Amino acid sequence: MLMRTDPFREFDRLAQQLLGNAGTWSKPSTMPMDAYREGEEYVIAFDLPGVNAEAIDIDVQRNMLTVKAERRPAAKADDAQVELSERPLGVFSRQLVLADTLDTEHISADYDAGVLTVRIPVTERAKPRRIAVGGTSAHQITG
């Protein structure tokens, strides 16, 4: 039901981790995610630790779901000396192509403990349904 839009996204993520590049609005970093079906809806969980809920933007146009978030540096005292800084900062983004069988009009999202959870219901037409088989009376073949 979901498709990744860029097969090389994982390579970009690894390169950014090795090089320590922060994402920008023109070239955002990727964010890890899990996607699974739970009953009659698809659930997508994005890891966004340290991101304020106000800094998350979710957009749907046609069947393209876009999630963007920005993590800024934490405020430090004027006399603080940074000894180590490994947490990635900058802009993070992920785009997913949604199948036509998902109801993009009723998407919901929650953010708790650094995890953004997006829930997308399955449309009625995609749910399994029983089809009645009509019958006709038997015809006798005469010859």
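- Taking an unreviewed UniProt entry as the reference, the protein is identified by name as Hsp20/alpha crystallin family protein belonging to Streptantibioticus silvisoli.
- One UniProt comment on the protein, placed under Sequence similarities (unreviewed entry), says "Belongs to the small heat shock protein (HSP20) family."

## A look at the overall build of the protein
Phase 1 of the analysis: Per the secondary structure count, the protein includes one helix and eight strands.
Phase 2 of the analysis: Seen in sequence order, the protein has helices and strands lined up from the N terminus as β-α-β-β-β-β-β-β-β.
Phase 3 of the analysis: For the protein, the share of sequence-separated contacts (at least 6 apart) that also reach a separation of at least 24 residues comes to 58%.

## A look at the layout of surface pockets
Phase 1 of the analysis: As a volume, the second largest pocket reaches approximately 200 Å³.
Phase 2 of the analysis: Lining the second largest pocket are Arg 72, Pro 73, Ala 74, Lys 76, Val 82, Leu 84, Ser 85, Glu 86, Arg 87 and Leu 89.
Phase 3 of the analysis: Looking at side-chain class alone, the lining of the second largest pocket contains five nonpolar, one polar and four charged residues.

## Let's talk about the pairing of strand E6 (residues 90–98)
A regular strand carries its side chains on alternate faces of the sheet.
Phase 1 of the analysis: Extensive coverage of E6 is indicated by the burial of seven of its nine residues.
Phase 2 of the analysis: Pairing between strand E5 (residues 64–71) and E6: eight bridges, direction antiparallel. When the bridges of E6 are listed, Met 64 appears paired with Val 97.

## Some points on the nonpolar core
Phase 1 of the analysis: In this structure, Ile 44, Phe 46, Leu 48, Leu 65, Leu 116, Val 118 and Ile 120 are the most contacted members of the largest nonpolar core, which totals 18 residues.
Phase 2 of the analysis: Of all the elements in the fold, those that place two or more residues in this core are strand E3 (41–47), E5, E6 and strand E8 (115–121).
Phase 3 of the analysis: Apart from the residues lying within four places of it in its own chain, the contact partners of Leu 116 are Ile 44, Ala 45, Phe 46, Leu 48, Ile 56, Ile 58, Val 67, Ala 109, Asp 110 and Tyr 111.

## Some details on the side chain of Arg 71
Phase 1 of the analysis: Within the secondary structure, Arg 71 sits in strand E5.
Phase 2 of the analysis: Looking at Arg 71, its side chain comes within polar contact range of the main-chain oxygen of Pro 49, at 3.2 Å.
Phase 3 of the analysis: Arg 71 has contacts with Pro 49, Gly 50, Val 51, Arg 87, Pro 88, Leu 89, Gly 90 and Phe 92, leaving out every residue within four places of it along the chain.

Reading the values: rules and limits
- For every chain, the first residue of its written sequence is number 1, and the numbers climb from 1 along that sequence.
- This being a predicted model, a pLDDT of at least 70 is required before a residue's local features are given, and a value of 80 or more before pairs of side-chain atoms are given or counted; all residues contribute to the totals for chains, interfaces and linings.
- By convention in this description, side-chain values take in all heavy atoms of the structure and omit both hydrogens and water.
- UniProt positions are given in the numbering used here, feature names are shortened, and annotations may be inferred rather than shown by experiment.
- Helix and strand labels come from DSSP, where a helix needs a run of H or I of at least four residues and a strand needs a run of E of at least two; each type is numbered from the N terminus.
- The criterion used for residue contact is that any of the two residues' heavy atoms lie within 4.5 Å.
- Definitions used for this entry: grid spacing 1 Å over protein atoms alone; cavity, a set of points where a 1.4 Å probe fits but cannot get out; pocket, an open set with protein on both sides within 12 Å along at least 5 of 7 lines; lining residue, one with an atom within 4 Å of a point.
- Grid points are joined across faces, edges and corners, and a volume is the space filled by probe spheres set on the points.
- Under the grouping applied here, Gly and all other residues not named as nonpolar or charged are polar, the nonpolar ones being Ala, Val, Leu, Ile, Met, Phe, Trp, Tyr, Cys and Pro and the charged ones Asp, Glu, Lys and Arg.
- Only protein chains enter the accessibility calculation, which uses a 1.4 Å probe; a residue is then buried when its area is under 20% of its type maximum, exposed when over 50%, and partly exposed in between.
- We call two strands paired when DSSP finds no fewer than two bridges between them.
- In plain words, nonpolar cores are sets of buried Ala, Val, Leu, Ile, Met, Phe, Trp, Tyr and Cys residues tied together by side-chain atoms within 4.5 Å.
- Whenever two N or O atoms come within 3.5 Å, that pair is a polar contact, provided that in protein one can donate a hydrogen and the other can accept it, and provided that, for residues adjacent in sequence, both atoms are side-chain atoms.

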